[in-house]
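# Chains, contacts and geometry: an overview
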Amino acid sequence: MENKFRFYNTLTRKVETVIPNEEGKIAMYTCGPTVYHFAHIGNLRSYIMEDVLEKSLRFVGYDVKRVMNITDVGHLSSDADTGEDKMLKGAKREHKTVMEVAQFYTDAFFSDCAKLNIKTPDVVEPATNCIDSFIHMIEVLIEKDYAYLAGGNVYFDTSKLKDYYVFSSQSEKELLVGVRDDVQEDENKKNKNDFVLWFTKSKFEDQALKWDSPWGVGYPGWHIECSCISMKHLGEYMDIHCGGVDNIFPHHTNEIAQSESYLGHKWCNYWFHVHHLNDQSGKMSKSKGDFLTVSLLQEKGYDPIVYRMFCLQSHYRKPLEFSYEVLDNMTSTYQKLVKRIAALKPEGEIEQDKYDEYRTKFEDALCNDLNTSMALTIIYDLLKADMNDATKVKAIGDFDAVLSLNLLTAGKALAEEETAGVDAELEAFVLAKIEERKAAKKAKDFAKADAIRDELKEKGIEIKDTREGVVWKKL
Ligand code: AMP
Ligand code: ZN
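All values derive from a computational prediction rather than experimental measurement.

Thresholds, definitions, all that
All residue numbers refer to positions counted from 1 along the written sequence of the respective chain. Chains carry letters from A onward and ligands carry numbers from 1 onward, assigned in written order. Where local features are concerned, this predicted model is filtered to residues with pLDDT of at least 70; where side-chain atom pairs are given and counted, the filter is 80 or more; whole-chain, interface and lining totals use all residues. Each side-chain value is derived from all of the structure's non-hydrogen atoms; neither hydrogens nor water enter the calculation. Under the DSSP-based scheme used, a helix requires at least four consecutive residues in state H or I and a strand at least two consecutive residues in state E, with every element numbered from the N terminus. When accessible area is computed with a 1.4 Å probe and restricted to protein chains, residues below 20% of their type maximum are described as buried, those above 50% as exposed, and intermediate ones as partly exposed. Contact between two residues is taken to exist if any of their heavy atoms lie within 4.5 Å; hydrogens are not considered. Values of accessible area rely on a 1.4 Å probe in the Shrake-Rupley scheme; residue burial ignores everything except the protein chains shown. Charge assignment: positive for Lys and Arg, negative for Asp and Glu; neither His nor the chain ends contribute. Here the site of a charge means NZ on Lys, CZ on Arg, CG on Asp, or CD on Glu. Neighbouring residues are identified by heavy atoms, a residue being near a molecule or strand if any of them is within 4 Å of it. Whenever two N or O atoms come within 3.5 Å, that pair is a polar contact, provided that in protein one can donate a hydrogen and the other can accept it, and provided that, for residues adjacent in sequence, both atoms are side-chain atoms. Ten residue types, Ala, Val, Leu, Ile, Met, Phe, Trp, Tyr, Cys and Pro, are classed as nonpolar, four, Asp, Glu, Lys and Arg, as charged, and the remainder, Gly among them, as polar. One requirement defines pairing of two strands: DSSP has to find at least two bridges between them. Interaxial angle, 0 to 180 degrees, is taken between N-to-C directions of lines fitted to C-alpha atoms, where a helix line uses only the stretch in contact. Put plainly, a pocket is an open set of points on a 1 Å grid over the protein atoms alone with protein on both sides within 12 Å along at least five of seven lines, a cavity is a set where a 1.4 Å probe fits but cannot get out, and a lining residue has an atom within 4 Å of a point. Grid points are joined across faces, edges and corners, and a volume is the space filled by probe spheres set on the points. Metal sites are built from N, O and S donor atoms within 2.8 Å, or 3.2 Å for Na, K and Ca, and they leave out water, so they may look incomplete. A site with four donors is called tetrahedral when every donor-metal-donor angle falls between 85 and 135 degrees; four donors are called square planar, and six octahedral, when opposite donors sit more than 155 degrees apart and all other angles fall between 65 and 115; any other arrangement is irregular. In summary, the pairing rule links any two rings of Phe, Tyr or Trp, Trp by its six-membered ring, whose centres are within 6.5 Å, and it sorts them by plane angle into stacked for under 30 degrees, edge-to-face for over 60 and tilted for everything else. The criterion is simple. A nonpolar core is a set of buried Ala, Val, Leu, Ile, Met, Phe, Trp, Tyr and Cys residues joined through side-chain atoms within 4.5 Å. Cysteine sulfur atoms are paired as a disulfide whenever they fall within 2.5 Å.

### Notes on the overall build of the protein
- Counting its secondary structure elements, the protein contains 16 helices and 16 strands.
- Considering only C-alpha atoms, the protein reaches an extent of 90 × 55 × 35 Å along its principal axes.
- Counting all 475 residues of the protein, 53% fall into the buried class.
- Summarising the internal contacts of the protein: among those between residues at least 6 apart in sequence, 76% fall at separations of at least 24.
- Of the accessible surface of the protein, which amounts to about 21,400 Å², a share of 50% is contributed by carbon and sulfur atoms.
- Across the protein, the mean location of the 62 positive side-chain charges is 5 Å away from that of the 79 negative side-chain charges.

### Some words on the site of ligand 1
- In the region of ligand 1, 18 residues are neighbours, and Thr34, Gly42, Ser46, Asp246 and Leu277 sit closest.
- Take asparagine 43: an N or O atom from its side chain is 3.0 Å from an oxygen atom of ligand 1.
- For ligand 1, an oxygen atom lies 2.4 Å from a polar atom in the side chain of aspartate 246.
- Relative to its unbound accessible area of 500 Å², ligand 1 is 97% covered by the protein chains.
- A total of four residues in the shell around ligand 1 trace back to one element, the largest contributor, which is helix α1 (residues 41-59).
- When grouped by side-chain class, the residues that make up the shell around ligand 1 number four nonpolar, eleven polar and three charged.

### Describing the environment of alanine 447
- Structurally, alanine 447 is set in helix α16 (residues 446-458).
- A C-alpha to C-alpha distance of 38 Å links alanine 447 and threonine 409, two positions 38 residues apart in sequence.

### Things to note about the sheet that holds strand β5 (residues 123-126)
- Read from one edge of the open sheet, five strands run β5-β4-β3-β10-β11, paired in parallel fashion. Strand pairing shows two members of the sheet lacking a second neighbour, β5 and β11 (268-274), which therefore form its edges. In this sheet, neighbouring strand axes are inclined to one another by 20 degrees on average, regardless of whether the strands run parallel or antiparallel.
- With three bridges connecting them, strand β3 (residues 25-30) and strand β10 (residues 238-244) associate as parallel partners. Among the inter-strand pairings, methionine 28 is bridged to a residue of β10, identified as isoleucine 240.
- Strands in contact with helix α6 (residues 224-234) are β3, β4 (63-70), β5 and β10; relative to β4, the strand with the most contacts, it is inclined by about 145 degrees.
- Along the sheet, helix α7 (residues 248-263) makes contact with β10 and β11, crossing β11 at roughly 165 degrees.

### Comments concerning the layout of surface pockets
- Reported here for the largest pocket is a volume of approximately 790 Å³.
- Lining the largest pocket we find 28 residues, and of these Gln335, Lys339, Glu418, Thr466 and Val471 sit closest to its centre.
- Secondary-structure elements contributing two or more residues to the lining of the largest pocket are α10 (324-342), α14 (410-419), α15 (424-442), β15 (461-466) and β16 (469-474).
- Examining the composition of the lining of the largest pocket, we find that seven residues originate from one element, α10, more than from any other.
- Taken together, the residues of the lining of the largest pocket sort by class into nine nonpolar, six polar and 13 charged.

### Side note on the coordination of the zinc ion (ligand 2)
- The coordination sphere of the zinc ion (ligand 2), as far as protein atoms go, consists of Cys31 (SG), Cys226 (SG), His251 (NE2) and Glu255 (OE), spread over 2.0 to 2.6 Å.
- For the zinc ion (ligand 2), the four donor atoms in the first shell make angles of 72 to 131 degrees at the metal, a pattern classed as irregular.
- Of note, the zinc ion (ligand 2) draws all its donor residues from one chain, in the sequence arrangement C-x194-C-x24-H-x3-E. Placement of the pair is cysteine 31 in the loop between β3 and α1 and histidine 251 in helix α7, with a sequence separation of 220 residues.

### A word on the packing of aromatic side chains
- According to the stated counting rule, one finds 26 aromatic pairs in the structure shown.
- Aromatic side chains phenylalanine 38 and phenylalanine 104 sit 6.0 Å apart centroid to centroid with 70 degrees between the ring planes, which places their arrangement in the edge-to-face category. With phenylalanine 38 in the loop between β3 and α1 and phenylalanine 104 in helix α3 (residues 98-115), this residue pair connects regions lying 66 residues apart in the sequence.
- Overall, phenylalanine 38 belongs to the partly exposed group, its relative accessible area being 29%.

### Considerations on the nonpolar core
- In this structure, Phe5, Leu53, Ile240 and Tyr307 are the most contacted members of the largest nonpolar core, which totals 89 residues.
- Other than its neighbours up to four places away in sequence, tyrosine 307 contacts Ile41, Gly42, Arg45, Ile48, Leu116, Leu277, Leu297, Phe322 and Leu327.
- Judged by nonpolar contacts, the second largest core, of 48 residues, contains Val67, Ala150, Met238 and Ile248.

### Focus on the state of the cysteines
- A complete count under the given rule lists zero disulfides for this structure.
- A disulfide-free cysteine, cysteine 311 has its sulfur positioned 12 Å from the sulfur of cysteine 113, the nearest such atom.

### Some thoughts on helix α2 (residues 86-94)
- Restricting attention to buried positions, one finds in α2 the residues Lys86, Met87, Leu88, Gly90 and Ala91.
- Residues of α2 that are buried make contact with α3.
- Note on α2: the residue one or two positions beyond its end, histidine 95, has a positive phi of about 50 degrees.

See the structure below:
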């Protein structure tokens, strides 16, 4: 198989061709959610684009194994080792135990993913399952002199590395943009960027989950979980690591520091980062309190798949601004598209050469730094193309394995929804009126045609002239 899949690697700052490992497989890791609250639709933008990446790799022929962690311990309310544990904060807010909160929001996360047609990764592992392997990695790091004990905590010593800022030659100041809220200096640290591997002493002594360790009873820092969980399931070499851009620093930078110091060799070749979803007031974030969830979109009458299409219309490396107005427009774009597809009449043989031509175009778009908006354009091109409907339906069905927009089923469901509750008598009446209007238009009696439209409107029926003929719905 020719290696033709290319995307922007944050590590080299170039669009690069993905070369699989010696067994021809791709080991892929995704930083999972911190389950102290619902995921907002910004988080889900990252998971949608990572889902499309995985499905695209599979579509062009790679064998992918994808692993994701669930952060149910260790993520503090600031990324800089200060602040309260996010899980504990969630538990206090909801008067539940930390594990109850973790289970509730893990389930909610996967339910949101299902609504957005995001496939569950092959392996999902909560951090609290792997405490022993965290302790082991920290012991090795201490042994190798990459970590030290201070004030009861274990820290990674960033001064031991030749190049801590592996992601770029950007200034420290720029990298600190990724660090969220309430950054305070920890006096135990030898160097500003040293980070906690294991806490036994924290300002927040009421930490709910604690484990025994060689350094005392305590709990892990946040970054260690992704290094250990990925190695547990993917081994010492990883191909693609994904996350949102805010994960570049400090989280992914620290993952690389500890993983490569532990292993003694390069760990991951390609880093895929999705840019943020913003609302009019800036970056969407859980700590802002008032944020948008998939359930909220549904309550307002939006189909979650329309949000997926909204994400696919833009490139993953560009910031994306959310507004209800664009979602309204996207709803009508999506409905028009699926209705056009539902009107296809798949009869006859597949025209293989035409199918292949469009499949190549579709794959080329995906292989070109995951150009999802181009991939969508190819669906429109295909609808206009000179090929029979059977070939169109086959191609759209196959391509939807990547796009996951319910392209073959949504149009029919929509039509059923629109005509639900309409009795047979009314339907016969409307169809007769549509015929009458057609005849009036043919006879150039436009006044009569308009009068029929108004008459129907008065009865609560809206008709529309479309490329596929007249369609109608109950208002
Ligand atoms: P968290 O649950 O906070 O650990 O974040 C889960 C994922 O969402 C991570 O990959 C983050 O980088 C990503 N993320 C956080 N905020 C946004 C945002 N506004 N837009 C897109 N992705 C985000
Ligand atoms: Zn991670």
